[in-house]
Structure formats: C-alpha cells, structure tokens
Amino acid sequence: MKIHEYQAKAFLAQFGIPVPKGEVVTTPVEAKKIAAELGNKVVIKAQVYAGGRGKAGGIKMANTPEEAEMRARELLGRRLVTQQTTPEGVPVSKVLVEEAINIRRELYLGIVIDGTSRLPVMMASEAGGMEIEETARLSPEKVLTSYIDPPTSFQSFQGRKLAYGMNLNPEDIRPAIELMGNLYQLFLAKDCSLAEINPLVITTEGKLLALDAKLNFDDNAIFRHQDLEGLYDWEQEHHIEARAAQLGVTNYIKLDGDIGCVVNGAGSTMSVIDLLTQMGGKAANFYDTGPAPTSEKIVNAFKIITGDPSVKVILVNIFAGMGRGEHYAQGIVDGYLQTNTRLPIVVRLGGTNVEEGKRVLAESGVNYFEASDLHDVAQKAVEIAKGVSTR
Ligand code: GDP
Ligand code: MN
C-alpha cells in the first residue's frame, strides 16, 4: 500500500527524522495562508502516488504567499503526468506547502526487501535527487548497499561504512548514522516494503533533512497497523481497479483489451491471457476468482467487468477443483442476470460436478456460448471480439 509524501513525512518525524515544516492543503487560499504562516519562500508539492514530479512540473517554488496561491491553483484539480504514470496521469487533489530549503547536497537513502537474500537492504548514494535512476543504471558503483540481519538489527558499523562511502563531512557522519538507524526502525515497526528518502539533503546550514519521502507498506501486514487504516487514497488508482477493490474483488487488474475474463487460478488466468494474445485478441483484465468463490464475489466481478466500457465479450474459464461446478455455474448465472448485461458470454466449465454445472447454466435461460476447453474458450472469445460469428 502506498501513501502520500505528507503522510510519509509524518511517520519519519515520529521516528525522529527531521523533515521541513509544512502542511497539506486542498485549496489555493489555504496554500496562501500556510505560506504566510511559514513566512518565507515555500515549495508547493503535488501529492500523487508517483515519483518524477520535479521533472513533470509537480514541484513549484513560490516567493510570496500570493505566488503560493497561484502555484497551488496551477496544480490543484489537474492531472499530473510523470515518467512513472500512465499517459492519463494521476489527479492532484492535495498539495504540500513547505518551507523552501537551501540545499548544499542531495543524497539518496532507501530500504527495500531484497528478494534474493530475503533481507532488508539499505541503499545509499551521494548522487541523490532527480537523476538517481540514471545513476543506478550508468554508475551502479555510486549506489552503496548494506544488508540488514533482522536479529542483530541495523548496526552502527554499517551506518559508518555507508556514511563514509557517501563522502560525508566528518560532522555529518554521526547524524547520518542515527538517521539511518531511525529509518530502519520505522521500516521494521510499520512493516514497510519500501522506505525511501530522495533527496536526503544537507542544507547550507549543515543540517540533515528528508526533503522527499516515500513509504510503501506490505499489504499482508496492514491488519497489524491501525494507524494505517484509512490512509489509502483510492482516487490515485485506476478507477476500475479502485471500484473492484472496494467491492471485495481482489486480484483484479485492468488491462487494455476488450475481452473480460473470469477465471479461477492465477496460472490459469495467465494462460488464458497468453492464449488470447497469441490468437490476436486482448484481455480487458486479469481476474482470478480464487478457489470456491461465493456467488456474491462472482456477481461483483461481473459488475466490474460489465461496467468497463471497453469489454465486448465475457470469457469464463473455470476448472472446478476445490469448488463445485454447480456453485461456479450459479455464480456465473447470477452475475450475468443481476448485471442485466447484453454482452456475449463464452463459458468453459470443467472439473468437479461439471455435469451439474452445465445443467444449472442450461436451465438458467442465459444465452451463452459453450466451449470445450481452454483453447476453445479463448478462440471463441477472440472471434466474438473481432465480430466474427461463432455459430
Ligand atoms: P520527485 O521529483 O517527485 O522525487 O520530488 P522531490 O520532492 O524529490 O523534489 C524534486 C526536486 O525538487 C528535489 O530533488 C530538489 O532538487 C527540488 N526541491 C524540492 N524541494 C526543494 C526545496 O525546498 N528547496 C530547493 N532548493 N529545492 C527543492
Ligand atoms: Mn524525490
């Protein structure tokens, strides 16, 4: 789960990491008020779930409160397109108004879980800021790494090694090591999958400060953290996926084709999507029902799929294993009838109680195309999507 920069900074502050003074606002007038309170130059920062804001015009400087209001007006209510977003971009409904900082150096500091070693790894670089991806690609030696052994936690010798590696001045070494330790404590305490400060700056006054912050949390651990509840900003997500998640239709990923897919099993879903592509078709979504889904869950999946205007045909591929054929069939019938859809539907049903399942479908009055196997269901769906009759 992602959160916004202003929320991430509140967590950093809780863990003793210095951040600039500032406040998040939703209107230009509030931006002016906060700028006046801060009393000096300010930075107006678009709050979106994407990096690369600086290069995309999502970070603006303002010398006066009036200017802050103008800059906030330019950002609020717009969509921001960055290197990390789709071409449609992400909506800007909040901006962070912060005291402007005079920067001496821009560093990078981040922690992620390394899948290979299965350990948290701290990454640090003296070349922080907006070019860090380029640096990692062209001069990987400039990104230092240090693996953290959870039982012994982050050790100060690791911090010293990273701090010297970043060529910090002697007086900055100690605060940097302390900050690294604090970032790891935050990472651990909140079950983060990513904790990143880019840039971590040294100000002209010689202070270490987190100028930007990004925290992602492990979705499987959210239930352990009441303070994370309600922080997710649904507006930032593709509207169809957001609606799916709100209806409890998990594992739904919007794709750019026109064949809506209801499939059980993640591997099976991927096979279907591959087959469709091979046959010249394109899936509108990835959706794995999971084993033995309730009828309500399938109905909700139908609501999402039939609500996607790009869908021309619904493909159902179910191989009943843990669930029974007639239960899946009833869910499909309920989904089709309750959404009042007119879309053509191709159904391949196999596995446990397949005969009972077919009877449920036949007696339902749903006018569906029957497919015999995986290949057949994909082929029929592609033909229908292309406007070729299959009967
Ligand atoms: P990102 O592009 O989405 O990662 O946004 P950041 O918050 O990292 O800001 C991008 C860049 O804007 C930083 O690397 C800084 O160079 C610059 N910037 C942001 N805030 C300030 C500030 O208060 N003062 C100065 N001088 N530059 C800033
Ligand atoms: Mn940044």
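Residues numbered from 1 in each chain as written. Chains lettered and ligands numbered in written order. Predicted model: local features only at pLDDT ≥ 70, side-chain atom pairs only at ≥ 80, totals over all residues. Heavy atoms only, no water.

**Section: the coordination of the manganese ion (ligand 2)**
For the manganese ion (ligand 2), the protein coordination sphere consists of N198 (O) and D212 (OD), at 2.2 Å. Linking N198 in strand β10 (residues 192-203) with D212 in the loop between β11 (208-210) and β12 (214-217), this pair joins segments that are 14 residues apart in sequence. Comparing N198 with D212 shows no difference in burial state: the two are buried. (Donors = N, O, S within 2.8 Å, 3.2 Å for Na, K, Ca; no water. Helix = DSSP H or I, 4+ residues; strand = E, 2+ residues; numbered from the N terminus. Buried < 20%, exposed > 50% of the residue type's maximum accessible area, 1.4 Å probe, protein only.)

**Regarding the pairing of strand β2 (residues 42-46)**
Side-chain direction in a regular strand flips from residue to residue, so the side chains alternate between the two faces of the sheet. The buried fraction of β2 is high, at five of five residues. Across four bridges, β2 lies against strand β3 (residues 59-62) in antiparallel orientation. Paired with V43 across the strands is M61, a residue of β3. Strand direction decides the pairing type here: β2 and strand β6 (residues 95-99), joined by five bridges, are antiparallel. Each residue of the ladder has a partner; that of V43, found in β6, is E98. (Pairing = 2+ DSSP bridges.)

**What about the sheet that holds strand β14 (residues 259-263)?**
One open sheet holds the four strands; their spatial order is β14-β16-β17-β18, and the pairing between them is parallel. With partners counted over all chains shown, the strands left at the sheet margins are β14 and β18 (369-371), one partner each. Between one strand axis and the next, the sheet turns through 20 degrees on average, direction left out of account. Both strand β16 (residues 313-320) and strand β17 (residues 345-351) contribute to a ladder of seven bridges, which runs parallel. (Axes fitted to C-alpha atoms, helices over the stretch in contact; angles between N-to-C directions.)

**A short note on the domain arrangement of the chain**
When its domains are assigned, the chain resolves into domain 1 (1-19 + 102-236), domain 2 (21-100) and domain 3 (239-385). Relative to domain 3, the C-alpha centre of domain 1 lies at a distance of 42 Å. (Domains from an automatic or database assignment.)

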